Amino acid sequence: MPESHNFQASHLHSIVRRLFTAAGTPLHIAQDVAEILVKANLTGHDSHGVLRIPGYLQGIESGGLNPTGEPTVIKETDTTLIVEAGNCLGHFAARQAMKWTIAKARKANFCGLTLANTGHIGRLGEYAEAAAHEGCIGIITFGSGCGGGGAVVPFGGSRGALGTNPIAVGVPTGDDSPFIIDYATSMIAQGKIQVAQSKGIDLPEGSILDKHGNPSVKTADYFDGGPMLPFGGHKGYALSLLVCMLGGLSGNFDVEKGLMEGFYMQAINIEAYTPLEEYQQGVRALLDGMKRTPPAPGFDEVLVPGDFEHRARTHRLVHGIDLPDTIYRQIYECAEKLAVSMDDDATEDFDRQFYAT
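Computed from a predicted structure; not experimentally measured.

Draft legend 1. Layout of the packing of helix α3 (residues 53–62) against helix α11 (residues 325–337). Direction vectors running N to C along α3 and α11 enclose 35°, while the axes themselves pass 9 Å from each other. The residues of α11 that touch α3, namely those facing I53, P54, L57 and E61, are Q330, I331, C334 and K337. When its residues are assigned to classes, the contact of α3 with α11 shows five nonpolar, one polar and two charged.

Printed below as a string of structure tokens:
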């Protein structure tokens, strides 16, 4: 296996924040981006963590991302919001958008929001979890589909026509391990292909085709133009199309091209239906009942959504985050280019306090 490099969360957070501020990002935006990226690594979703940094910095350098931009509301009702991000950093835009969505849901019991023209927003579960911690059910989707091309084949097809089209849902449980589902409607997320490539390992069978339409497990075949497959055959394909249609509420569709895409967020105020504390107790009882189910042969225990992230965070806060050497070197090159120190001495007390266990 390739060499890896271990970082405490506080150290990695400091590096990320200083990389983005060196690239012209205001401190409050850089802070949000750093926190969300490092949190993705802490929760075990390395595909949406700091490996994305070189791409984001390249987007800033090329002008595709506006590091100083902030999202603005361009239209709203009591229960809806349409937000324009102006190609700003997606993590910051999505966090602010979810805050606005939750605030409206607290007043009107429900809010749906569309978010347009933003950079990559990272792990959708981040924003679903934020809603859950505020006593709401949060739903976040991003869909993209076009008959002219895409990263994922439709069921029965041989050429890509869809994005990975993820969906995330967060439900409060009354403790620090909310119910979180967060997955692409493809068999594997694109970021996980990057992780496999960085570690020099093959992909699970049934994840991708090569560019000639043949099944493959090689990451090189994906980067050479091979598409991904939808999960669950026709069921994942249908869900992927629904995610496109929710995104299309933003008005971003083209009838002639058969294109539809966009971000959609939703928050539901649980108190509008039933007392929050009682509901959370019911959810936790349901999940604990699932976990008491005797495990099948080959399994040690039954888990529920949210367990993996909670356990990964608990472990990595203590033992650190391992970065494959390939990812480390890419970040190191960015740091050298921007004259940012990667030494632990540059970590501030604020960073250490933020991640104190």
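Draft legend 2. Representation of the nonpolar core. Core analysis: the biggest nonpolar cluster contains 35 residues, and F20, V38, V50 and I53 have the highest contact counts within it. Contributing elements (two or more residues each) for this core: α1 (9–22), α2 (27–42), α3, β12 (321–324) and α11. In terms of residue count, the dominant contributor to this core is α2 (seven residues). Dropping the residues within four chain positions of it, I53 is found in contact with V16, L19, F20, L37 and I331.

Draft legend 3. Local environment of the pairing of strand β6 (residues 167–171). The element β6 is largely enclosed, with a buried count of five among its five residues. Examined bridge by bridge, strand β5 (residues 136–146) and β6 share four bridges and lie antiparallel to one another. Looking across to β6, one finds that G138 is bridged to G170.

Draft legend 4. Inspection of the packing of α1 against α3 at higher detail. Relative to each other, α1 and α3 sit at 15°, their axes nearing to 11 Å. Accordingly, the angle class assigned to the pair α1 and α3 is roughly parallel. Pair α1 / α3 crosses with right-handed handedness. Contact residues: V16, L19 and F20 in α1; I53, Y56, L57 and I60 in α3. The residue makeup of the contact of α1 with α3, split by class, is seven nonpolar, no polar and no charged.

Draft legend 5. Inspection of the pattern of salt bridges at higher detail. Counted under the stated rule, the structure contains 21 salt bridges. A salt bridge links R123 to D182; its shortest N-O distance comes to 4.0 Å. You can see R123 sitting in the loop between β4 (110–118) and α5 (125–133) and its partner D182 sitting in strand β7 (residues 179–183), a full 59 residues away along the chain. Residues D175 and R284 are paired through a salt bridge, measuring 3.0 Å at the closest nitrogen-oxygen approach. One end of the pair, D175, is in the loop between β6 and β7; the other, R284, is in helix α9 (residues 276–291), and 109 residues separate them in sequence.

Here is what the cut-offs are and how they apply
- Residues numbered from 1 in each chain as written.
- Predicted model: local features only at pLDDT ≥ 70, side-chain atom pairs only at ≥ 80, totals over all residues.
- Heavy atoms only, no water.
- Axes fitted to C-alpha atoms, helices over the stretch in contact; angles between N-to-C directions.
- Helix = DSSP H or I, 4+ residues; strand = E, 2+ residues; numbered from the N terminus.
- Contact = heavy atoms within 4.5 Å.
- Nonpolar A, V, L, I, M, F, W, Y, C, P; charged D, E, K, R; others polar.
- Core = buried A, V, L, I, M, F, W, Y, C linked by side-chain atoms within 4.5 Å.
- Buried < 20%, exposed > 50% of the residue type's maximum accessible area, 1.4 Å probe, protein only.
- Pairing = 2+ DSSP bridges.
- Parallel < 35°, antiparallel > 145°, perpendicular 65-115°, else oblique.
- Left-handed = near helix turned anticlockwise from the far one by under 90°.
- Salt bridge = Lys/Arg side-chain N within 4 Å of Asp/Glu carboxyl O.

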